[in-house]
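Coordinates in review
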Amino acid sequence: RGHGGAAGGEGAMSGDSGAPSASRLALGALAVVAAAAATAAVLNARGRPTRAAAGQVKLDSQGRMAANRKRVDRLPLDALPETKNDLLLRAARGERTERAPVWMMRQAGRYLPEFREMRKSADFFTMCQNPELATEVTLQPLERFETLDAVIVFSDILVIPQAMGLECRMVPGRGPVFPEPLVDAEHLSRLNFQPDIEETLGYVFDVVNLTRQRVRGRVPVIGFSGAPFTLMGYMIEGGGSRNLSKAKRWLLNTPDAAHRLLQGLTDIIVEYVVGKVRAGAQLLQIFESNAGDLTPAQFEEFSLPYLVQIVERVKAELKRQGLPVVPMTVFARGANQEGTLEKLAASGYDVVGLDWGIEPAVARRRVGDKATVQGNLDPCTLYASPSRIRAEVEKMLRGFGPQRYIGNLGHGMLPDHSPEHAHAFILAVQEVSAALYRGTAAAP
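Criteria and cut-off values
The written sequence of each chain sets the order in which its residues are numbered from 1. Residue-level local features of this predicted model are given only where pLDDT is at least 70; pairs of side-chain atoms are given and counted only at 80 or more, and the full residue set underlies all totals for whole chains, interfaces and linings. Hydrogens are left out, water is left out, and the side-chain values use all remaining heavy atoms of the structure. Each helix is a run of H or I in the DSSP string that is no shorter than four residues. Each strand is a run of E no shorter than two, and both are numbered from the N terminus. Buried means the residue's accessible area, taken with a 1.4 Å probe over protein chains only, is under 20% of the maximum for its type, while exposed means over 50%, and partly exposed covers the values in between. In what follows, residue pairs with any heavy atoms lying within 4.5 Å of each other are defined as contacts. Interaxial angles span 0 to 180 degrees and are taken between N-to-C directions of axes, which are lines fitted to C-alpha atoms, for helices over the stretch in contact. Take the far helix as your reference; a near helix turned counterclockwise from it by less than a right angle gives a left-handed crossing, and one turned clockwise gives a right-handed crossing. Amino acids outside the nonpolar list (Ala, Val, Leu, Ile, Met, Phe, Trp, Tyr, Cys, Pro) and the charged list (Asp, Glu, Lys, Arg) are all regarded as polar, and Gly is one of them. We define a salt bridge as a contact between a side-chain nitrogen of Lys or Arg and a carboxyl oxygen of Asp or Glu at a distance within 4 Å. Each pair of aromatic rings taken from Phe, Tyr and Trp, with Trp reduced to its six-membered ring, is defined by centres within 6.5 Å and is described as stacked if the planes are under 30 degrees apart, edge-to-face if over 60, and tilted in the remaining cases. Our definition puts a charge over a ring when NZ of Lys or CZ of Arg is within 6 Å of the ring centre and also within 35 degrees of the ring normal.

Turning our attention to the environment of Arg 214. Along the chain, the position of Arg 214 falls in helix 7 (residues 197-215). Classification of Arg 214 as partly exposed rests on a relative accessible area of 35%. For the pair Arg 214 and Thr 135, spaced 79 residues apart in the sequence, the C-alpha separation amounts to 8.3 Å. Apart from residues lying up to four places away in sequence, Arg 214 is in contact with Glu 132, Thr 135 and Leu 139.

Turning next to the packing of helix 10 (residues 255-279) against helix 12 (residues 304-320). It is at 9 Å that the axes of helix 10 and helix 12 come closest, and there the two elements cross at 35 degrees. The way helix 10 lies across helix 12 gives a crossing that is right-handed. Contacts from His 259, Leu 262, Gln 263, Thr 266, Asp 267, Ile 269, Val 270, Val 273, Val 274 and Val 277 in helix 10 reach Tyr 306, Gln 309, Ile 310, Arg 313, Val 314, Glu 317 and Leu 318 in helix 12. Of the residues that constitute the contact of helix 10 with helix 12, the class distribution is 10 nonpolar, 4 polar and 3 charged.

Turning next to the pattern of salt bridges. Once their charged atoms are close, side chains differing in charge can pair, the charge on each being opposite to the other. Going through the model one piece at a time under the given rule, you end up with 20 salt bridges. When the shortest N-O distance is used, the salt bridge between Lys 343 and Glu 300 registers 2.1 Å. With Lys 343 in helix 13 (residues 340-345) and Glu 300 in helix 11 (residues 296-302), this residue pair connects regions lying 43 residues apart in the sequence. A salt bridge links Lys 315 to Asp 350; its shortest N-O distance comes to 2.7 Å. Of the two residues, Lys 315 is situated in helix 12 and Asp 350 in the loop between helix 13 and strand 7 (351-353); the sequence distance between them amounts to 35 residues. Salt bridges linked by common partners bring Arg 74, Glu 198 and Asp 206 together as one network.

Quick look at helix 14 (residues 360-367) now. Residues of helix 14 that are buried include every one of Pro 360, Ala 363, Arg 364, Arg 366 and Val 367, and no others. Where the residues of helix 14 are buried, they touch helix 13, strand 8 (372-377), helix 15 (386-400) and strand 9 (405-409). Just downstream of helix 14 lies Gly 368, where phi reads positive at about 65 degrees.

Now for the packing of aromatic side chains. In this structure the tally under the stated criterion is 7 aromatic pairs. Between Phe 124 and Phe 125 the ring centres are 5.4 Å apart and the planes differ by 80 degrees, which places this aromatic pair in the edge-to-face class. A relative accessible area of 10% places Phe 124 in the buried class. Both rings, one in Phe 205 and one in Tyr 272, keep their centres 6.1 Å apart while their planes meet at 35 degrees; by these two values the pair is tilted. Within this pair, whereas Phe 205 is found in helix 7, its partner Tyr 272 is found in helix 10, the two being separated by 67 residues in sequence. The class for Phe 205 is buried, based on a relative accessible area of 4%. Within the aromatic cluster, the residues linked to one another by ring pairs are Phe 115, Phe 124, Phe 125 and Phe 154. Across the ring face of Phe 224, the terminal group of Lys 276 is positioned such that the distance to the ring centre comes to 4.6 Å.

Structural measurements only, silent on function.
Below you can see the structure in the form of structure tokens.
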């Protein structure tokens, strides 16, 4: 779910591979947390508005979030370091690569001891809204797994409902909770459908730009957003849900209201992710994590049209503003039905992310040459031994075949995953794909 916190680990069988120790990483993280805590204490002493407890967003008098954050001096794009390892970007654009690039959804998260140390001193949304903390978390996987091919900015998909005025708390043991979810169509009047994106979400742009500065061109920086239907589900259900029954009642009983909400979310998402590119994001991923909860007909009506709008409008707006037209990935979890995957492949996204519910060879055949594919190892595979992880990775890579491929899991890292096994996954993708790609180097 939280996907900037949704970037992940790496993996290999060769142990630490020169990675910095967890204790050294944790000490650096704690120093950042301590500095942030000291700043917060000063602000409190001066009586300025601060964040509420338990991850609750507290707005200032102008409705701005993270009003007391330390502002980042954002560098213009032409002043940011040139990216040295561009494997991810080349693969996303369909260009030939010497091996498969690899990163992992939720690669910055609770499975890392250095992340857990930071969480002892800062709640989740404080970490998201403090650029120093969020940048530190974003870079943790790269510092631990030095051959990782990308970082994804630490954030959360639910910052958009927050920007619209819907309170969200991160409750220990429960996850995200909306104390006052949307109950019916009349509740749409509670939402701000035209928030000032810079004022409400500018802290995310700060994190993107600061990450580009501090990654020093080692790897590309990924920005992301939740997709409209997935965000709608949280806003109506009040948090996570097993069946999205409340949200689906809207689709069945008040479809016009559902479309109004979905369109409003789409408009905000477009402006939001364009802002991320302006700040330095080099690839964008849209997470439709609840796609599999929809029937094929519902997906066609309430998800796919908005996903298509996003990619078309974002690319047009980037071009209009003279910004880089970066590759875009769509990850619609569970949307593997006959005909649905084909429509996603033809939707205009450069990359189609896949969950583990489809065989790699079948996915490659159905996507064809319309898009690069990304995925799709079952995250639970990382509970296996390193040798078994490598064997499963090899089977997956042979199924997808060489080129137009990005290594990833079929969903995010899990809190009890071993960093060493994550490392095994990363190295397996890199080493096995390099051997496979060499075998096809002479192919046209």
